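# What the coordinates show
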Amino acid sequence: MLNKAQVQELFEKEAVLFGETDGVLIERAIELFGEKATDYAQKPQTGWYNGFGVGNFTAYYLTLTGFMRAASWANVAEIRDNKKLTKNEE
């Protein structure tokens with residue numbers, strides 16, 4: 001699990017420039033947090049993700065807010081899974 005400072009540091013390490021904003025490619029976010037967490041951060045009209053196109057190719061990425069949302073989703077999923085394991089051990 002990661003805290004806010006760790007997520008911001010990871011974002012700074014992984015981000016690339018798209019227009020006037022930094023973002024982390026969707027593919028990389030999936031590698032870091034998993035597909036479900038990344039899907040959660042790609043909700044329409046949230047501003048958590050975007051795309052930048054060149055010709056007929058668009059690179060989709062998470063904004064800092066989206067990256068934090070994906071990390072948060074992954075944190076909560078880990079907490080949930082740990083609670084299930086603890087319950088099963090009792």
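Predicted model, so just to flag it, every value in this text is computed and none were measured.

Parameters at a glance
- Residues numbered from 1 in each chain as written.
- Predicted model: local features only at pLDDT ≥ 70, side-chain atom pairs only at ≥ 80, totals over all residues.
- Heavy atoms only, no water.
- Pairing = 2+ DSSP bridges.
- Helix = DSSP H or I, 4+ residues; strand = E, 2+ residues; numbered from the N terminus.
- Phe/Tyr/Trp six-rings, centres within 6.5 Å; stacked < 30°, edge-to-face > 60°.
- Buried < 20%, exposed > 50% of the residue type's maximum accessible area, 1.4 Å probe, protein only.
- Core = buried A, V, L, I, M, F, W, Y, C linked by side-chain atoms within 4.5 Å.
- Contact = heavy atoms within 4.5 Å.

Bridge analysis of strand β1 (residues 16-18) against strand β2 (residues 21-25) gives 3 bridges, and the strand direction is antiparallel. Along β2, the bridge assignment pairs Val-16 with Gly-23. Note that β2 and strand β4 (residues 57-62) share 2 bridges and pair antiparallel. Across the sheet, residue Val-24 finds its bridge partner in β4, namely Leu-62.

Time to look at the packing of aromatic side chains. The relation between two aromatic rings is expressed through the spacing of the ring centres and the mutual angle of the planes. Within the structure shown, the criterion is met by 4 aromatic pairs. Ring geometry for Phe-33 versus Phe-67: centroids 5.0 Å apart, planes at 70°, classification edge-to-face. Placement of Phe-33 in helix α2 (residues 26-33) and of Phe-67 in helix α4 (residues 64-89) is noted, with a sequence separation of 34 residues between them. Residue Phe-33 is classed as buried on the basis of its relative accessible area of 12%. Its relative accessible area of 0% is what places Phe-67 among the buried residues. Measuring from centroid to centroid gives 5.7 Å for Tyr-40 and Trp-48, while their planes differ by 45°, and the two rings are tilted. Take Trp-48: its relative accessible area is 13%, and that puts it in the buried class.

Before going further, it helps to spend a moment on the nonpolar core. The biggest cluster of nonpolar side chains holds 15 residues, and the ones touching the most others in it are Phe-11, Val-24, Phe-33, Ala-37, Leu-62, Phe-67 and Ala-70. Of all the secondary-structure elements, those providing two or more residues to this core are α1 (4-14), α2 and α4. Residue contributions to this core peak at 4 residues, all from α4. Those residues in contact with Ala-37 that lie beyond four places of it in its chain are Ala-70, Trp-73 and Ala-74.

Glancing now at the environment of Tyr-61. By the element assignment, Tyr-61 lies in strand β4. The buried category is assigned to Tyr-61, whose relative accessible area is 3%. With 56 residues separating them in the primary sequence, Tyr-61 and Ala-5 have C-alpha atoms 20 Å apart. For Tyr-61, the residues in contact, after removing those within four places along its chain, are Phe-18, Thr-21, Asp-22, Gly-23, Val-24, Leu-25, Ile-26, Trp-48, Tyr-49, Asn-50, Gly-51 and Phe-52.

By themselves, these are just geometric observations and shouldn't be taken as functional.
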